[in-house]
Amino acid sequence: MDNMLDMRKRMDDGTYDLTLLIGDNTYFNFYESINTDAAKDVVRNYLFDNDDDADYKDVTIDHNKNRHIVTINAKLDYINGEHKDYNYRGTM
């Protein structure tokens, strides 16, 4: 999905907080409504597209109509706290 900004924050427990900011025009080209199932689909596709092996949970979604931004938040967890290497990103 184009027109998306991603931000990660590493937490003390080794997990990451992921925030995805998506222009609402872009979001609504793919999804009909703001709901958790769609948000999980966005996170799953984001991880797949970035060859990222994280497990995700606590997915939330919000639509700021004034700023025309859809915000998706999720907690990412890695097996044994090890973050996957991005060296092969985009080669699939």
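Since we're looking at a predicted model, the values are computed, not measured. In this convention, every chain numbers its residues from 1, walking through the sequence in written order. Reporting in this predicted model follows two pLDDT cut-offs: at least 70 for local features of residues, and 80 or more for side-chain atom pairs to be given and counted; totals over whole chains, interfaces and linings ignore these cut-offs and use all residues. Neither water nor hydrogens contribute to the side-chain values; these are computed over all heavy atoms in the structure.

So, about the pairing of strand β4 (residues 69–77). As judged from the eight bridges shared by strand β2 (residues 16–23) and β4, these two strands associate in the antiparallel manner. Bridge assignment links Leu-21 to a residue of β4, and that residue is Thr-71. Relative to β4, strand β3 (residues 55–64) runs antiparallel, the two sharing eight bridges. Note that in β4 the partner of His-63 across the bridge is Val-70. Two strands qualify as a pair provided DSSP detects at least 2 bridges between them. Each helix is a run of DSSP H or I of at least 4 residues and each strand a run of E of at least 2, with the numbering of both proceeding from the N terminus. A loop of four residues connects β3 with β4, the two strands running antiparallel in sequence, and His-68 in this loop sits at a positive phi of about 60°.

Our next topic: the packing of aromatic side chains. Working definition: rings of Phe, Tyr and Trp (its six-membered ring) pair if their centres are within 6.5 Å, and the pair is stacked with planes under 30 degrees apart, edge-to-face with planes over 60 apart, and tilted otherwise. Inspection of the entire model under this criterion finds three aromatic pairs. Taking the centre distance of 5.7 Å and the plane angle of 85° together, the rings of Tyr-16 and Tyr-78 count as edge-to-face. Remark: Tyr-78 occurs in the segment after β4 and Tyr-16 occurs in strand β2; sequence separation between them is 62 residues. The same class applies to Tyr-16 and to Tyr-78, which are both buried. Per-residue accessibility, obtained with a 1.4 Å probe over protein chains only, is compared with the maximum for each type, and a residue is labelled buried under 20%, exposed over 50%, and partly exposed between these values.

Let us now look at the side chain of Thr-26. Looking at the secondary structure, you find Thr-26 in helix α1 (residues 24–30). By definition, residues are in contact when any of their heavy atoms lie within 4.5 Å. Excluding anything up to four places from it in sequence, Thr-26 contacts Met-1, Asp-2 and Asn-3.

On to the sheet that holds β4, then. Sheet architecture is open: four strands sit in the order β1-β2-β4-β3, paired in antiparallel fashion. Each of the sheet's edge strands pairs with one partner strand only, and the pair in question is β1 (4–10) and β3. For this sheet, the mean inter-axis angle between neighbouring strands, taken without regard to orientation, is 15°. Note on geometry: axes are C-alpha line fits, over the in-contact stretch for helices, and angles between N-to-C directions span 0 to 180 degrees. Sheet strands touched by helix α2 (residues 36–49): β1, β2, β3 and β4. Its angle to β3, the strand with the most contacts, is close to 120°.

Another point: the confidence of the model for the protein chain. In the predicted model, the protein chain carries a mean pLDDT of 88, and the fraction of residues at 70 or more is 86%. The pLDDT value tells you how sure the predictor is about a given residue, anywhere from 0 up to 100. Overall, residues 88–92 carries pLDDT values under 50, and its contacts beyond four positions in sequence, including any with other chains, amount to four contacts.

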